[in-house]
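Structural features, examined
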Amino acid sequence: MIFVGDGALLWRAVRYALDRGHTVDAVCHGPRSAAPDGVPPQVAVHEVADGAALDALAGDLTARCSDGLLWSLDNPFLLREGLLGSGLRLLNVHGGPLPGYRGLPLATVAYAILHGEQEFAATLHEIEAGIDTGPVLAESRFPIDDDAVFEDVMIDLVDAAHEVFTEHLDAVVAGSGPTPYRPDGVPGYYGLAEARAITGMRDHPRYDRATELGFFADVWPEAAQAWGADGT
């Protein structure tokens, strides 16, 4: 299997797959997180700068992949034609319930709080050409407390993302995973433009909660500065 993404969630999933005895053929990660110690030498590790650099590896990744699976976790890159047409089964763990909260976790979490949502979810779904539009396999849902801030919800979301991956990894590898389905609901998308728009919502009654990034300010320093989440 191939892994694509960035950050601790990616490497946590890689380690879990290896510990379960699955073959990890390659990992493609962004510049935010280098490979940790202990990655077996037979795992090809590529640092990629953007979606174009990732797609340039499509042929090599497809040839390497021993089980036909590509997992995307905490992935900042949009998959392009090379991987979309590779014949691999492409699966993504998304930070939000679908179809209502497509987009970037930075924005989906903030808007979930702004909207007064009482629960949220990480979603395992198949990847197609649209952004977070592929059929859903499973969700891991959790409640949002009335006083929860961005940091609280994001911590729960990271745990839910790992949970939905670990709960279904073995079955997907065995070919007996959940049947994909198209979820009901009103589509919604929260990307960079929506994240930037939050700066104009300072009068919103839940603004302070939605922008209190806590230690995630180190992950999204530009948002922390723009939203005034550091108290300035």
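Reference entry: report on the structure contained in this document. (Residues numbered from 1 in each chain as written. Predicted model: local features only at pLDDT ≥ 70, side-chain atom pairs only at ≥ 80, totals over all residues. Heavy atoms only, no water.)

**What about the layout of surface pockets?**
Inclusion rule: Points on a 1 Å grid over protein atoms alone make up a cavity when a 1.4 Å probe fits among them but cannot get out, and a pocket when they form an open set with protein on both sides within 12 Å along at least five of seven lines; lining residues each have an atom within 4 Å of a point. Grid points are joined across faces, edges and corners, and a volume is the space filled by probe spheres set on the points. Each helix corresponds to a stretch of at least 4 residues labelled H or I by DSSP, and each strand to a stretch of at least 2 residues labelled E; elements are numbered beginning at the N terminus.
Approximately 1,600 Å³ is the volume found for the largest pocket. At the level of elements, α1 (7-19), β5 (89-94), α5 (105-114), α6 (150-174), α7 (192-197) and α9 (221-227) are the ones that each hand at least two residues to the lining of the largest pocket.

**As for the nonpolar core**
Rules: Definition of nonpolar core: a set of buried residues of the types Ala, Val, Leu, Ile, Met, Phe, Trp, Tyr and Cys, connected through side-chain atoms within 4.5 Å. Relative accessibility thresholds used throughout: buried, under 20% of the residue-type maximum; exposed, over 50%; partly exposed, between the two (1.4 Å probe, protein chains only).
Of all hydrophobic cores here, the largest spans 55 residues; its most connected members are F3, V24, W71, F150 and W227. Of all the elements, α6 adds the most residues to this core, at 10 residues. Membership of the second largest hydrophobic core comes to 17 residues, among which are V4, L70, L79 and L90.

**Some remarks on the environment of A34**
Put simply, the rule is: Contact definition: two residues touch when any of their heavy atoms are within 4.5 Å.
Relative to the elements of secondary structure, A34 occurs in the loop between β2 (26-29) and β3 (44-47). A residue is classified by how much of its surface remains accessible, and A34, at 59% relative accessible area, is exposed. Here the alpha-carbon distance between A34 and W11, two residues 23 residues apart in the chain, equals 9.3 Å. With residues up to four places along the chain from it excluded, the contact list for A34 reads W11 and H29.

**As for the environment of D170**
As for its position among the elements, D170 is in helix α6. Classification of D170 by relative accessible area gives partly exposed; the value is 27%. As a C-alpha pair, D170 and W220 span 50 residues in sequence and 33 Å in three-dimensional space. When near neighbours in sequence (up to four residues on either side) are disregarded, D170 contacts R20 and H22.

**Some words on the sheet that holds strand β7 (residues 119-126)**
Stated precisely, the cut-off is as follows: Pairs of strands are assigned from DSSP output, requiring at least two bridges between the strands. Helix axes are fitted to C-alpha atoms over the stretch in contact, other axes to C-alpha atoms as well, and angles between N-to-C directions run from 0 to 180 degrees.
Read from one edge to the other, the open sheet built from 7 strands follows the order β3-β2-β1-β4-β5-β7-β8, with strand pairing classed as mixed. The two strands at the open ends of the sheet, each matched to only one other strand, are β3 and β8 (136-143). Adjacent strand axes in the sheet meet at a mean angle of 15° when their direction is disregarded. Where β5 and β7 come together, 4 bridges link them in antiparallel fashion. Looking at the pairing, L91 lines up with E126 of β7. Together, β1 (2-5), β4 (69-73), β5, β7 and β8 form the strand contacts of α6, whose direction differs from that of β8 by roughly 145°.

**Comments concerning the packing of α1 against α6**
Rules: By definition in this entry, angles of less than 35 degrees are roughly parallel, angles greater than 145 are roughly antiparallel, angles of 65 to 115 are roughly perpendicular, and the rest are oblique. Helix crossings get a hand from a simple test, with the near helix turned counterclockwise from the far one by less than a right angle marking a left-handed crossing and a clockwise turn marking a right-handed one. Amino acids outside the nonpolar list (Ala, Val, Leu, Ile, Met, Phe, Trp, Tyr, Cys, Pro) and the charged list (Asp, Glu, Lys, Arg) are all regarded as polar, and Gly is one of them.
Two elements in contact, α1 and α6, have axes separated by 11 Å at closest approach and are oriented at 25°. It follows that α1 is roughly parallel to α6 by the angle criterion. Here the hand of the crossing between α1 and α6 comes out right-handed. Note on element contacts: α6 touches α1 through V158, D159, A161, H162, F165, T166 and L169, opposite L9, R12, A13, Y16 and A17. Of the residues belonging to the contact of α1 with α6, the class tally is 8 nonpolar, 2 polar and 2 charged.

**Structural notes on a negative patch on the surface**
Test applied: Like-charged residues within 9 Å of one another, or nonpolar side chains (Val, Leu, Ile, Met, Phe, Trp, Tyr) within 5 Å, are grouped into patches, provided each residue has over 30% relative accessible area and no salt bridge. Computed with a 1.4 Å probe, the accessible areas rest on the Shrake-Rupley method; for each residue, only the protein chains presented here act as cover. In the sections that follow, a salt bridge refers to a side-chain nitrogen of Lys or Arg positioned within 4 Å of a carboxyl oxygen of Asp or Glu. Counted charges follow a simple rule, with Lys and Arg positive, Asp and Glu negative, and His plus the chain ends left uncounted. Lys charges are placed at NZ, Arg charges at CZ, Asp charges at CG and Glu charges at CD.
A contiguous patch of negative charge on the surface is contributed by D145, D146, D147, D152, D156, D208 and E212. Here D147 is to be found in the loop between β8 and α6.

**Structural notes on the packing of aromatic side chains**
To keep things clear, this is the line we draw: To pair, rings of Phe, Tyr and Trp, with the six-membered ring standing in for Trp, must have centres within 6.5 Å; the planes then decide the type, stacked if under 30 degrees apart, edge-to-face if over 60, and tilted in the middle.
Inspection of every chain in the model, using the stated rule, returns 12 aromatic pairs. Aromatic pair F150 and F216: ring centres 6.4 Å apart, planes at 70°, arrangement edge-to-face. Highlighted residues: F150 in helix α6 and F216 in the loop between α8 (207-210) and α9, separated in sequence by 66 residues. Taking the relative accessible area as the measure of exposure, F150 reaches 0% and is therefore buried.

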